[in-house]
Every structure is written in C-alpha cells, then in structure tokens.
Amino acid sequence: MDALELLKGRRSIRKYKQTPIEPEKLEKCLQAAQWAPSASNKQPWEFLIVTDQKIRKKLADFHPYGKFVAASPVVFIPLTNPQVHAKYHQSDTALATLQFMIEAHSLNLGTCWAGVIGTDFEPKIKELLKIPEHLRVLALVAVGYADETRSSKRKPLTSLVHKESYSLK
Ligand SMILES: Cc1cc2nc3c(=O)[nH]c(=O)nc-3n(C[C@H](O)[C@H](O)[C@H](O)COP(=O)(O)O)c2cc1C
C-alpha cells in the first residue's frame, strides 16, 4: 500500500473492543517506534506498556481528555529523556510515537494520543507508574481494535504551502 493511503486512513480511535492485542503485533509497533529517526541518533526515549485494567482506570481518572485509556486493552506510554538530548528529546519521542501509531494502523489496530507532558497530572502519572524523576511522560496512547469509525478534516494544502518565500494568502 502507498504510504499516503495508509497515513490518510489513520484516525484517532476512542472506543475499543476488548479483544486482546496479539503480542507479535505489539512487538512490531514497538520496533516501529524503536526505528524512528532522532537528532544525532540519540534515541532519547523509553517505552512503557500498561495492560492492567485497574492501572488503566487510574490513568483515565487522571486525564481529563484521555478517558478512553480505560477501554483500550493496551496503553503505550512514550517516555522522553531531556538528559539524552535537551533540545530535541520531545520532537524525537513524538516521531517514535507516531511511528508506533502508523504501524499499529497498518496492522488494523486503532490508537489515540492523549497528551501528558507539561500537564498538572504528569507528576501523578509518574508517581503511579514509578517513573524515574529524569524521565518525562510524553503521552498516553490507547491501542486496541476499533469499536467505532471516525472521520477527520484537514486544512487545505493551498492555505499551508508557500513557494520560494513566505507569501500572505
Ligand atoms: C500532541 C497531541 C495531543 C493529543 N491529545 C489528545 C487528547 O488529550 N484527547 C484526545 O481525545 N485526543 C487527543 N489527540 C488526538 C487529536 O485530537 C487528533 O489527532 C486530531 O483531532 C485529528 O484527528 P485524527 O487523528 O483522527 O486525524 C492528540 C493528538 C496529538 C498529536
């Protein structure tokens, strides 16, 4: 499949079937994250996988816009390390997270990113999951088989693209 077709077909999914995720599929998603590009190839990330229902429920309680992590069988939690790359740790880890999500979509799994870094509940999540002080929690990413179909819109390319130099539209 053309990559563009795959990219356009991914939607943020917030309702999930209880069907477990095959371990080999999860492994492939993690490898996709592992192989993301990063500044100076520093790979300033670690990944936490949560499946325990009680912990997912607590995570959902902390996150005002991420209630869906209680329903997905897996939560993928990208951790980012500012000590590894102070300037680009966050963008690098975001790329790894997107690669995880794209691979998941290619395997017919739905995902939804719920942002965490810089929120007032990031410390609560760190405490709950015993995450070391030096790591930051980028996001909670719900993963599972979709129990809904979603649509999405994008701004037209003509409003986004400038040629040769910046021009006002
Ligand atoms: C950095 C970031 C943070 C997000 N945080 C949330 C969130 O807290 N809750 C949520 O429901 N969706 C969240 N999303 C998903 C976006 O709402 C979604 O990507 C956007 O509406 C476009 O929809 P699509 O992914 O289906 O194309 C987040 C996405 C990104 C990239």
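One can find the structure itself at the top, above this paragraph.
These lines cover the structure that appears in this document, whether it is placed above or below. If you're wondering where the values come from, they're calculated on a predicted model, not measured in any experiment.

The secondary structure content of the chain amounts to five helices and five strands. Along the chain direction, N to C, the helices and strands of the chain fall in the order α-α-β-α-β-α-β-α-β-β. In terms of overall dimensions, the chain is globule-like: its C-alpha atoms have a radius of gyration of 17 Å, near the 15 Å expected for 169 residues. Each principal axis of the C-alpha distribution contributes one length, and for the chain these read about 55 × 40 × 30 Å. The burial tally for the chain puts 41% of its 169 residues in the buried class. When contacts within the chain are restricted to residue pairs at least 6 apart in sequence, those whose partners lie at least 24 apart make up 75%. Counting every atom, the chain has about 10,200 Å² of accessible surface; 54% of that belongs to carbon and sulfur. Of the charged side chains in the chain, 25 are positive and 17 negative; the average position of the first set lies 6 Å away from that of the second.

What follows covers the site of the ligand. Taken together, 13 residues lie near the ligand, and Arg11, Ser12, Arg14, Trp113 and Arg154 sit nearest. In this structure, Ser152 approaches the ligand through a side-chain N or O atom, which is 3.2 Å from an oxygen atom. When the free accessible area of the ligand is taken as 620 Å², the share hidden by the protein chains comes to 61%.

What follows is about the pattern of salt bridges. According to the stated counting rule, one finds three salt bridges in the structure shown. The closest approach of N and O atoms between Lys57 and Asp61, which form a salt bridge, is 3.0 Å. Pair noted here: Lys57 and Asp61 are both in helix 3 (residues 53-62), with a separation of four residues, about one helical turn. Of the residues examined, Lys57 reaches a relative accessible area of 41% and is grouped as partly exposed. Among the ionic pairs, Glu122 bridges to Arg136, the shortest N-O distance being 2.8 Å. Here Glu122 is found in helix 5 (residues 122-128), whereas its partner Arg136 is found in strand 4 (residues 136-137), with 14 residues between them in sequence.

What follows deals with helix 4 (residues 89-106). Taking 1.5 Å per residue as the helical rise, helix 4 with its 18 residues ought to reach 26 Å, and the 26 Å between its terminal C-alpha atoms agrees with that figure. Of all the residues in helix 4, the buried ones are His89, Asp92, Thr93, Ala96, Thr97, Phe100, Met101, Ile102, Glu103 and Ala104. Looking at the buried residues of helix 4, the elements they touch are helix 1 (3-9), helix 2 (23-34), strand 1 (45-50), strand 2 (74-80), strand 3 (110-115) and strand 5 (139-144). Looking one or two places after helix 4, you find Asn108, whose phi comes out positive at around 70 degrees.

Where helix 2 contacts helix 4, the two axes come as close as 7 Å, and the packing angle between them is 145 degrees. The interaxial crossing formed by helix 2 with helix 4 has right-handed handedness. Residues Leu26, Lys28, Cys29, Leu30, Ala32 and Ala33 of helix 2 form the contact with helix 4, whose own contacting residues are Ala96, Gln99, Phe100, Glu103 and Ala104.

Rules of the game
- Residues numbered from 1 in each chain as written.
- Predicted model: local features only at pLDDT ≥ 70, side-chain atom pairs only at ≥ 80, totals over all residues.
- Heavy atoms only, no water.
- Helix = DSSP H or I, 4+ residues; strand = E, 2+ residues; numbered from the N terminus.
- Rg over C-alpha atoms; globule rule 2.2 N^0.38 Å.
- Buried < 20%, exposed > 50% of the residue type's maximum accessible area, 1.4 Å probe, protein only.
- Contact = heavy atoms within 4.5 Å.
- Areas by Shrake-Rupley, 256 points an atom, 1.4 Å probe, with all protein chains shown as cover.
- Lys, Arg positive; Asp, Glu negative; His and termini not counted.
- Charge placed at Lys NZ, Arg CZ, Asp CG, Glu CD.
- Near = heavy atom within 4 Å.
- Polar contact = N/O pair within 3.5 Å; in protein donor to acceptor, adjacent residues only side chain to side chain.
- Salt bridge = Lys/Arg side-chain N within 4 Å of Asp/Glu carboxyl O.
- Expected span 1.5 Å × (residues − 1).
- Axes fitted to C-alpha atoms, helices over the stretch in contact; angles between N-to-C directions.
- Left-handed = near helix turned anticlockwise from the far one by under 90°.

Taken by themselves, the reported measurements are silent on function.
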